[in-house]
Amino acid sequence: MPDDITGIRRELHRRPEIGLDLPHTQGLVRDFLTGLGLDPVVGRDCSSVTTVIRGEAGPAGSGPRRTVLLRADMDALPIRETADVDYRSRIRDAMHACGHDLHTAALLGAARTLVQSRDTLPGDVVLMFQPGEEGFDGARIMLNEGVLGASGARPDAAWALHVVSNLVPPGVFAGRPGALMAASALITVTVRGTGGHAATPHLTRDPVLAAAEMVTGLYAMTFRSLSPFTPVVLSVGHFEAGTRANVIPGAATFAATLRCFDTASMKAARDLVARFCVGTAHAHNVEVDIRVEPKYPVTVNDPGRAADAAAVAARTAGPDRWRDLPDPLATSEDFAHVLNQVPGAMVLLGAAPAGGEWSGAPVNHAPDVVFDDAVLPDAAGMLVALARHTLAGPDQDPRSIMNVPLCADE
Ligand SMILES: [Zn+2]
Ligand SMILES: [Zn+2]
């Protein structure tokens, strides 16, 4: 096993694993933490790893001893990598296209720095390594496994980093108070009619036309029925019907994701989808079945913690290395479940290859996206700084927070 965090990142990138069962990744994380003298606990219901770093300094200020939670997601995506890098994925149709390999390596680097400096650490750090962020709700499974009680006290704050390829320049941290990412729901619509010969469509009840009208109509209706001041993003990513050009099939189905930034918009959008699909099916004399599966809630950064993140980034990396994001992103995150229970924030970090045109770089989830692991020391350093900032508590003298160099680990 490599012992530098760049080597670990590249090893994870070569061996991506998808979903809730990540045996290779889990083993690597567990072994690294064990090598630091920690006592990692593996998940019961998924490939999670949780461990606690016990600080050896007394509580800072007059308050009680504090706990902070740092989270990294570890899973990859079912994408065939086309990026031209020498640590390219060796697993067919699996790729770390969202940068979770960097998150895992950065948190391991932070763990090493925190362990090495635990004599000055005034509290406990819970490390949460989770599988299944990409649609499998691994964070919720870890909450059910009890990650928030791992240190014996509920965390005072929770932090996570996410790399982005083209939102901010490489090496720049970014965030915002309030909604950072959208709530999402998966919608599956199945239309059933009566199939027949393509030459006699009047003798069939054509589900393809009805489903096609539902797709185009829903795109139009989201603009005409929902307020433009509360954005809703509906995208149909899957449409399937029939097998032959000259046969009208008996059924058609499509699947879409729905993303919103508040609960009322989500409800209004779901009602619209149901009403429009039922009405369209009625007009076409076909039957329709609509399934709505809520996925992740809105990722909400606590305003105070978001301000802390900006201050910590400016102090440790420099004021030119922080950006306030004007708008939330329409992606979604299961770290939202953690932030629903513990005040905290997710911080973004630009990781496009240095020297390139970052704003035009392939996006997260693209088969040719490349994240530059030159950002890893800064990512690890930021996690360490956020942890120390939390443990120092509200009575802290800003000068007393150890000014962690953002290249602490390499
Ligand atoms: Zn992703
Ligand atoms: Zn991600």
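As a starting point, this report considers the structure included with it. Model, not experiment: these values are computed from the prediction.

What counts, and where the lines are drawn
- Residues numbered from 1 in each chain as written.
- Chains lettered and ligands numbered in written order.
- Predicted model: local features only at pLDDT ≥ 70, side-chain atom pairs only at ≥ 80, totals over all residues.
- Heavy atoms only, no water.
- Phe/Tyr/Trp six-rings, centres within 6.5 Å; stacked < 30°, edge-to-face > 60°.
- Helix = DSSP H or I, 4+ residues; strand = E, 2+ residues; numbered from the N terminus.
- Buried < 20%, exposed > 50% of the residue type's maximum accessible area, 1.4 Å probe, protein only.
- Donors = N, O, S within 2.8 Å, 3.2 Å for Na, K, Ca; no water.
- Expected span 1.5 Å × (residues − 1).
- Contact = heavy atoms within 4.5 Å.
- Pairing = 2+ DSSP bridges.
- Core = buried A, V, L, I, M, F, W, Y, C linked by side-chain atoms within 4.5 Å.
- Axes fitted to C-alpha atoms, helices over the stretch in contact; angles between N-to-C directions.

### A closer look at the packing of aromatic side chains
Each pair of aromatic rings is reported with the distance of its centres and the angle of its planes. In the structure shown here, the tally under the stated rule is one aromatic pair. Between Phe 239 and Phe 254 the ring centres are 6.2 Å apart and the planes differ by 5 degrees, which places this aromatic pair in the stacked class. Within this pair, whereas Phe 239 is found in strand E10 (residues 232-241), its partner Phe 254 is found in strand E12 (residues 251-260), the two being separated by 15 residues in sequence. Since its relative accessible area comes to 37%, Phe 239 is described here as partly exposed.

### Description of the coordination of the zinc ion (ligand 2)
Listed as protein donors to the zinc ion (ligand 2) are Cys 98 (SG), His 100 (NE2) and His 162 (NE2); their distances from the metal cover 2.1 to 2.5 Å. Sequence positions of the donors to the zinc ion (ligand 2) reduce to the motif C-x1-H-x61-H. On the basis of relative accessible area, Cys 98 is assigned to the buried category, the value being 9%. On the basis of relative accessible area, His 162 is assigned to the buried category, the value being 5%.

### Concerning the coordination of the zinc ion (ligand 1)
For the zinc ion (ligand 1), the full set of protein donor atoms is Cys 98 (SG), Glu 134 (OE) and His 365 (NE2), at a range of 2.0 to 2.3 Å. In this structure the zinc ion (ligand 2) is found 3.1 Å away from the zinc ion (ligand 1), and Cys 98 serves as a bridging donor for the pair. Here the residue Cys 98 occupies a position in the loop between strand E3 (66-73) and helix H3 (100-116), and Glu 134 occupies one in the loop between strand E4 (123-130) and helix H4 (138-145), the gap between them amounting to 36 residues.

### So, helix H2 (residues 23-35)
Look at H2: 18 Å from first C-alpha to last across 13 residues, which is about the 18 Å you get at 1.5 Å a residue. Looking at H2, one finds that the buried residues are Thr 25, Gln 26, Gly 27, Leu 28, Val 29, Phe 32 and Leu 33. Taken together, the buried residues of H2 touch helix H1 (5-14), strand E1 (41-42), strand E2 (49-54), H3 and E4. Just downstream of H2, Gly 37 is the residue with a positive phi angle, here 90 degrees.

### Quick notes on the pairing of strand E8 (residues 183-192)
Within E8, eight of the 10 residues are buried, leaving the element largely enclosed by the surrounding structure. When E8 meets E12, the two strands line up antiparallel, connected through 10 bridges. Residue pairing for E12: Val 191 is matched across the bridge by Ala 252. With eight bridges joining them, E8 and strand E13 (residues 287-294) adopt antiparallel strand pairing. Across the sheet, the residue bridging to Arg 192 is Glu 287, located in E13.

### Notes on the nonpolar core
Within the largest apolar cluster, 63 residues are counted, with the highest numbers of intra-cluster contacts made by Leu 33, Ile 53, Leu 70, Val 125, Leu 127, Phe 129 and Phe 173. It is helix H9 (residues 376-392) that provides the largest number of residues to this core, a total of 10 residues. If near-sequence neighbours (up to four positions away) are discounted, Phe 129 is found in contact with Val 29, Leu 33, Ser 48, Val 49, Ala 72, Met 74, Thr 104, Leu 107, Leu 108 and Met 142.

### Structural notes on H9
Along an α-helix, residues three or four positions apart point the same way, because every turn accommodates 3.6 residues. The terminal C-alpha atoms of H9, which comprises 17 residues, lie 24 Å apart, in line with the 24 Å expected from a rise of 1.5 Å per residue. Taking burial as the measure, the 17 residues of H9 include 17 buried ones, the bulk of the element. Gly 393 sits one or two positions beyond H9 and adopts a positive phi of about 75 degrees.

### What to know about the sheet that holds E13
The strand order E10-E12-E8-E13 describes an open sheet built from four strands, whose pairing is antiparallel. Edge positions in the sheet fall to E10 and E13, since each has one partner strand and no second. For this sheet, the mean inter-axis angle between neighbouring strands, taken without regard to orientation, is 15 degrees. Across the sheet, helix H5 (residues 207-225) touches E8, E10, E12 and E13, and the angle it forms with E10 is around 170 degrees. Each of E8, E10, E12 and E13 touches helix H6 (residues 263-284); the most contacted strand, E13, lies at about 165 degrees to it.

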